[in-house]
Amino acid sequence: MSLIQEIDYGTPIRVSEAKVTLTIDGEKVTVPAGTSVMAASMSRGVKIPKLCASDNMEAFGSCRMCLVEIEGRRGTPASCTTPAEDGMVVRTQSERLAKLRRGVMELYISDHPLDCLTCSANGNCELQDTAGEVGLREVRYGYQGENHLQDEKDLSNPYFAYDPAKCIVCSRCVRACEEVQGTFALTVEGRGFDSRIRPGPTDFINSECVSCGACVQACPTATLIEKGVVDHGQPEHSLVTTCAYCGVGCSFKAEMRGEQLVRMVPYKGGQANEGHSCVKGRFAYGYATHKDRMTKPMIREKITDSWREVSWDEAIAHAASELKRIQTKYGRESIGGISSSRCTNEEVYVLQKLVRAVFHNNNIDTCARVCHSPTGYGLSVTLGTSAGTQDFKSVDATDVVLLIGANPTDAHPVFASRLKKRLRAGAKLIIADPRAIELVRTPHIQAAHHLQLRPGTNVALINSLAHVIVTEGLVHEDYVRARCDIEAFESWARFIALDTNSPEHMEQYTGVPAAEVRAAARLYAGVKNASIYYGLGVTEHSQGSTTVMALANLAMATGNIGHDGAGVNPLRGQNNVQGSCDMGSFPHEFTGYRHVARGDVRESFEKNWGVTLDEEPGLRIPNMFDEALSGSFKGLIVHGEDIAQSDPDTNHVSAALRAMECVIVQDLFLNETAKFAHIFLPGASFLEKDGTFTNAERRINRVRKVMAPLGGKDEWQAICDLSKALGYEMNYTHPSEIMDEIAALTPTFAGVSYKKLDELGSVQWPCNDAAPEGTPLMHVTRFVNGSGKFMLTEYVPTSERSGPRFPLILTTGRILSQYNVGAQTRRTENGFWHKEDVLEIHPFDAEQRGILDGDLVSLVSRAGDTALRARISERMQPGVVYTTFHYPGSGANVVTTDNSDWATNCPEYKVTAVEVRRSNSLSSWQERNAEEDVTLRKILEATPDAAE
């Protein structure tokens, strides 16, 4: 294997139906209108020397290396800033140009350390390469005068170093921070000889830098360089794989030395990220080889016993024996499984197959239950399919974005960068969020409207927006009549036009001024392309499914489904939430969202699998817990998911797990759920896997194994081994064969194969005979279910209300540097930015309670209590507090209740009535949890070689 080299055209690739033909070095070249001379030359394989140019940024024209000669023009224009024109005759090489380029390069080198042999960038330095290209062999001046060679390094960032002595002030890093990332953290300070790149008046770590790596990627020298490269040397080979963090699904080149991962480089060919990244995907991969990784199978009889390391064969045999024993004693329905959105499609598929074909029940559920199950339900009943409608590129064409219940700069930062770029270009933004997220106002963008609603009132707000659209004649009548169920629309229109849905009436619930709602509705309905993006702030409510349907109603009524720049788009939280749902890991559905009661579907699986399948839906996760406490559910496989930390009402979950006789956990680390496990199977990180993830835009991306599993076995293989031990063989030799089976049984995946994914890079389902290369935009000519169906969405206030005893409302979310329950990111340097979960509280509420910033406070609800540090913040509105859930010791889910969405049981994480008061101690739960951690460490120490 070798390093994957990507072509850099120097300037962005233009797309245009108009073409121009020019002659470059005697050869005719035809390119889209608007293409630069530099990119036109590169399209024929001839590189023009450059230093300041890169094709992910607009041309800058500062380095003067890319000079060319053009017949009929004076001077030597820069090829990066010169558009190609019909009939143009260009020379990229001549004695004159060679002399000019050498002279320019000599000036750069005159203030640059000539330490190439010992430089960390040696072998991967554009300055070094360009000096060779232009034939520079000596430097005549510069070393007797003033220079910058003694400038002090900035090593403050944990992931990359900044050495100003090697900076040529090409401004690529500054422009990448502006154009690609949209943070504007870097600037050129000073003029002339005094020019230097600065992260403001401070060092990198204390600046506005978000450590996305765009500046490091853009730097043509060793000025900005990954510390991994400094420590390990330049990589020697690479493979393209997919990030295992959020639902954006970024593609990366994993660059290696042997099995040592040197760095993750965002892949320009990645169709979701197009060469961009965030701090997690770019740098936070150290957890994969962290000392806490568990690499040996372990078993124990009771959860109070010490672990005993065993072979894979013994662990699998013991697991099979226990599951057989439980089913014999308690019945067929007494065991089940929970899959994870962090696992590959193939792993999720074989686990649900194990449950259905081997356990002979449908007791399979997924962690998507607690995040986006309302998306599946709501979009399915309105639009006909359980997925978002657009690709991420679609936002480039939008005129107005309605962003509700999502904080993409923290949770989906690569998409957020794309969104910010579109907003800077003129699109308008409407934000509906109880909290003043970053996108409400920055120095470079500002939301047209921030609808700061009270938690739990999403349906009331969306209905009031729809009321304005219907009563003011803003419905796209032609679209509705051509594309939607008219009877359903008319029923909905009569309902939504009622005064009880007016902004004025709903203001008492939402707290949003009616005039602001009316203005936002007119803005959304008054443009050609309006798009909706939403997150867990929509789904994790008692009316989560209702809100999703209300958003679909809004989009259909305005004609904003089926074309670029529009749509209803869920921002999925984890890397494979979409895929875990697609793969049939809900208890009522096979792959492709087909109900288990459908005889024709069940028959196709029975024929392929050779077994008879149950037609009754199985248990959802909350049902499993309830049945465990009632004594009828006794055995559970938890694959890659930490339900003891991530699920609501921690005390209830813990009690349910304690009540089970056999809990099998397969994971990277001994997580909170493993405290209740009887069998532990080591998992594999994404770097150790072959398979696929499906991102929020339905894009199926390849995951490629770059190192052997530290635990000695692939996760899919471990599941297959367990199946065999239970008497049912799954005869796969590679995950590609699992995907072939998925394609054979799932109409939306019928055209998917590893060969196609390797050829095309990725595909978006549906991918079948009707769409052999996938479907970027859904519902273009018709809805999947024929006609779009408007649903009545009555606002029903949540039963979780604030009152005298619990006067505040708690809502939860995420932060940029951490991910989900933090099992991965806490084991990286990302902890530098977020060392603990804190409670954000408005100054008014803090003053009323005598709380100062940094105080330890007790957070109490009807379900339980915990203690957190207070952070006084005007991002909150009075009456609302906020926290994250990235650290197990914070106990955020000790406080959340078991309230859930009416249709899907998705927990209502976003609305919990609480009280906050000053405290001088941790909660009793936190003290018990700390004691359990000490006990767990002792148990591990008593397990031979467990810590090695």
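## Description of the overall build of the protein chain
Part 1: Along the protein chain, the regular secondary structure elements total 30 helices and 34 strands.
Part 2: The C-alpha radius of gyration of the protein chain comes to 29 Å, within 12% of the 30 Å expected for a compact globule of 948 residues.
Part 3: Projected onto its principal axes, the C-alpha coordinates of the protein chain cover approximately 90 × 70 × 65 Å.
Part 4: Looking at the protein chain as a whole, 63% of its 948 residues qualify as buried.
Part 5: Within the protein chain, counting contacts between residues at least 6 apart in sequence, those at least 24 apart form 73% of the total.
Part 6: About 34,600 Å² of surface is accessible on the protein chain, with carbon and sulfur atoms providing 49% of the total.
Part 7: Mean positive and mean negative side-chain charge positions of the protein chain (98 and 119 charges, respectively) differ by 3 Å.

## Section: the environment of V180
Part 1: Relative to the helices and strands, V180 is located in helix α4 (residues 172-181).
Part 2: Judged by its relative accessible area of 15%, V180 falls in the buried class.
Part 3: Linking V180 and H276, residues 96 residues apart in sequence, is a C-alpha distance of 7.3 Å.
Part 4: Not counting residues up to four positions away in its chain, the partners in contact with V180 are N56, M57, R175, H276 and S417.

## Some details on the sheet that holds strand β27 (residues 699-703)
Part 1: Strand order across the open sheet formed by three strands is β26-β27-β28, with antiparallel pairing between neighbours. In this open sheet, the two edge strands, each paired with only one partner strand, are β26 (691-694) and β28 (762-764). Strand-to-strand twist in this sheet, taken as the mean axis angle between neighbours without regard to direction, amounts to 30 degrees.
Part 2: When β27 meets β28, the two strands line up antiparallel, connected through three bridges. Its bridge partner being in β28, R699 is matched across the sheet by Q764.
Part 3: Its contacts with the sheet put helix α9 (residues 345-358) on β26 and β27, and the angle it makes with β26 is roughly 95 degrees.

## A look at the sheet that holds strand β2 (residues 27-32)
Part 1: Pairing within the open sheet is mixed, and its four strands lie in the order β2-β1-β4-β3. Of all the strands in the sheet, the pair left with one neighbour each is β2 and β3 (69-70).
Part 2: Relative to strand β4 (residues 89-91), strand β1 (residues 19-24) runs parallel, the two sharing two bridges. Counted as the bridge partner of T23 is V89 from β4.

## Description of the pattern of salt bridges
Part 1: For the coordinates displayed, the defined rule picks out 60 salt bridges.
Part 2: Measuring nitrogen to oxygen at the nearest pair gives 3.0 Å for the salt bridge that ties R325 to E661. On the criterion of sequence distance, the pair formed by R325 in helix α8 (residues 312-330) and E661 in the loop between α24 (650-659) and β24 (662-667) is long-range, its members being 336 residues apart.
Part 3: The exposure class assigned to R325 is partly exposed, which follows from its relative accessible area of 32%.
Part 4: By relative accessible area, E661 is classed as partly exposed at 23%.
Part 5: Between E932 and K675 there is a salt bridge, with the nearest N and O atoms lying 3.9 Å from each other. Remark: K675 occurs in the loop between β24 and β25 (679-682) and E932 occurs in helix α30 (residues 924-941); sequence separation between them is 257 residues.

## Some points on the nonpolar core
Part 1: Of all hydrophobic cores here, the largest spans 67 residues; its most connected members are F160, L224 and L403.
Part 2: Grouped together as the second largest cluster of nonpolar side chains are 63 residues, A315, A357, F586 and I679 included.

## What about the packing of aromatic side chains?
Part 1: According to the stated counting rule, one finds 20 aromatic pairs in the structure shown.
Part 2: Judged by centre distance (4.8 Å) and plane angle (40 degrees), the rings of F415 and Y533 are tilted. Here Y533 lies in strand β19 (residues 530-534) and F415 lies in helix α12 (residues 413-424), a separation of 118 residues in the sequence.
Part 3: The exposure class assigned to F415 is buried, which follows from its relative accessible area of 2%.
Part 4: Consider the rings of F605 and W609, whose centres lie 5.1 Å apart with planes at 75 degrees: the pair is edge-to-face. With F605 and W609 both in helix α21 (residues 599-609) and four residues apart, the pair spans about one turn of that helix.
Part 5: When its relative accessible area of 4% is taken as the criterion, W609 is described as buried.
Part 6: The rings of Y159, F160, Y162, F204, F283, F832 and W833 are connected pair by pair, giving a single aromatic cluster.
Part 7: Positioned above the aromatic ring of F832, the side-chain terminus of K835 is 4.7 Å from the ring centre.

## Looking at the environment of I939
Part 1: Looking at where I939 falls in the secondary structure, it is placed in helix α30.
Part 2: Once the C-alpha coordinates of I939 and S306 are considered, the two residues, 633 residues apart in sequence, prove to be 4.8 Å apart.
Part 3: Beyond its immediate chain neighbours, meaning those up to four positions away, I939 contacts R300, I303, T304, D305, S306 and W307.

## A closer look at the environment of E847
Part 1: Assignment of secondary structure puts E847 in helix α28 (residues 843-848).
Part 2: Assessed through its relative accessible area of 65%, E847 is described here as exposed.
Part 3: For the pair E847 and I872, spaced 25 residues apart in the sequence, the C-alpha separation amounts to 9.6 Å.

## Some thoughts on the side chain of Q234
Part 1: When you line up the elements, Q234 lands in the loop between α6 (227-232) and β9 (237-242).
Part 2: Here Q234 falls in the buried class, since its relative accessible area comes to 15%.
Part 3: Within the structure, the side chain of Q234 is placed 2.7 Å from the backbone oxygen of S120, a separation counted as a polar contact.
Part 4: Ignoring sequence-local partners within four residues, the contact set of Q234 consists of S120, A121, N122, N124, V229, R257 and R263.

## Some words on the packing of helix α13 (residues 458-471) against helix α15 (residues 486-496)
Part 1: Their axes nearest at 9 Å, the elements α13 and α15 cross at an angle of 105 degrees. Classified by the angle between their axes, α13 and α15 sit roughly perpendicular to one another. Here N463, A466, H467 and V470 of α13 come into contact with α15, specifically with W492, A493, F495 and I496.
Part 2: Split by residue class, the contact of α13 with α15 holds six nonpolar, two polar and no charged.

## A closer look at the pairing of strand β32 (residues 865-872)
Part 1: Looking at chain direction, strand β30 (residues 838-841) and β32 are connected through four bridges and run parallel. Of the residues in β32, the one forming a bridge with V838 is R869.
Part 2: Across five bridges, strand β31 (residues 856-861) lies against β32 in antiparallel orientation. Its bridge partner lying in β32, S858 is registered against A867.
Part 3: As consecutive antiparallel partners, β31 and β32 are separated by three residues.

## Here's the deal with unusual backbone geometry
Part 1: Cis geometry is found at the peptide bond from W765 to P766, where omega equals 0 degrees.
Part 2: Mapped onto the elements of the fold, P766 is located in the loop between β28 and β29 (808-813).
Part 3: For Y593, which is not glycine, the phi torsion reads 65 degrees and is therefore positive.
Part 4: Judged by its relative accessible area of 18%, Y593 is buried.
Part 5: Phi at D649 is positive, roughly 55 degrees, even though this residue is not glycine.
Part 6: Along the chain, the position of D649 falls in the loop between α23 (643-646) and α24.

## Quick word on the pairing of β2
A regular strand places its side chains so that they alternate between the two faces of the sheet.
Part 1: Relative to β2, β1 is paired through six bridges, and the arrangement is antiparallel. Directly across from K19, in β2, lies its bridge partner P32.
Part 2: Counting the residues that bridge the hairpin from β1 to β2 gives two residues, and of these D25 lies at a positive phi of roughly 55 degrees.

Parameters at a glance
- Residue positions are counted from 1 within each chain, in the order its sequence is given.
- Confidence filtering applies because this is a predicted model: local features only for residues at pLDDT of at least 70, side-chain atom pairs given and counted only at 80 or more, and all residues used for totals across whole chains, interfaces and linings.
- As a rule here, side-chain values cover all heavy atoms of the structure and leave hydrogens and water aside.
- Helix numbering and strand numbering both begin at the N terminus, where a helix is a DSSP run of H or I of at least 4 residues and a strand a DSSP run of E of at least 2.
- Only C-alpha atoms enter the radius of gyration, while the globule expectation follows 2.2 Å times N to the 0.38, with N the number of residues.
- Classification of residues uses two cut-offs on accessible area relative to the type maximum, computed with a 1.4 Å probe and protein chains only: under 20% is buried, over 50% is exposed, and between them is partly exposed.
- Contact definition: two residues touch when any of their heavy atoms are within 4.5 Å.
- Per-residue and other accessible areas were derived by the Shrake-Rupley procedure at a 1.4 Å probe size, with only the shown protein chains allowed to occlude residues.
- Only four residue types enter the tally: Lys and Arg on the positive side, Asp and Glu on the negative side; His and the chain ends are excluded.
- A single reference atom marks each charge: NZ on Lys, CZ on Arg, CG on Asp, CD on Glu.
- Here, a strand pair is defined by DSSP locating no fewer than two bridges between the strands.
- All axes here are fitted lines through C-alpha atoms, helices being fitted over the stretch that makes contact, and every angle between N-to-C directions spans 0 to 180 degrees.
- Think of a salt bridge as a Lys or Arg side-chain nitrogen and an Asp or Glu carboxyl oxygen that are within 4 Å of each other.
- The term nonpolar core refers to a set of buried residues drawn from Ala, Val, Leu, Ile, Met, Phe, Trp, Tyr and Cys, joined through side-chain atoms within 4.5 Å.
- Aromatic rings from Phe, Tyr and Trp, with only the six-membered ring used for Trp, were paired whenever their centres fell within 6.5 Å, and each pair was classed as stacked if the ring planes differed by under 30 degrees, edge-to-face if by over 60, and tilted otherwise.
- Each ring is checked for a lysine NZ or an arginine CZ that lies within 6 Å of its centre and within 35 degrees of its normal; such an atom marks a charge sitting over the ring.
- Polar contact criterion, stated in full: a pair of N or O atoms within 3.5 Å, where within protein one must be able to donate a hydrogen and the other to accept it, and residues adjacent in sequence count only if both atoms are side-chain atoms.
- Here the angle decides the label: under 35 degrees means roughly parallel, over 145 means roughly antiparallel, 65 to 115 means roughly perpendicular, and every other value means oblique.
- Asp, Glu, Lys and Arg are counted as charged, while Ala, Val, Leu, Ile, Met, Phe, Trp, Tyr, Cys and Pro are counted as nonpolar; the rest, among them Gly, fall into the polar class.

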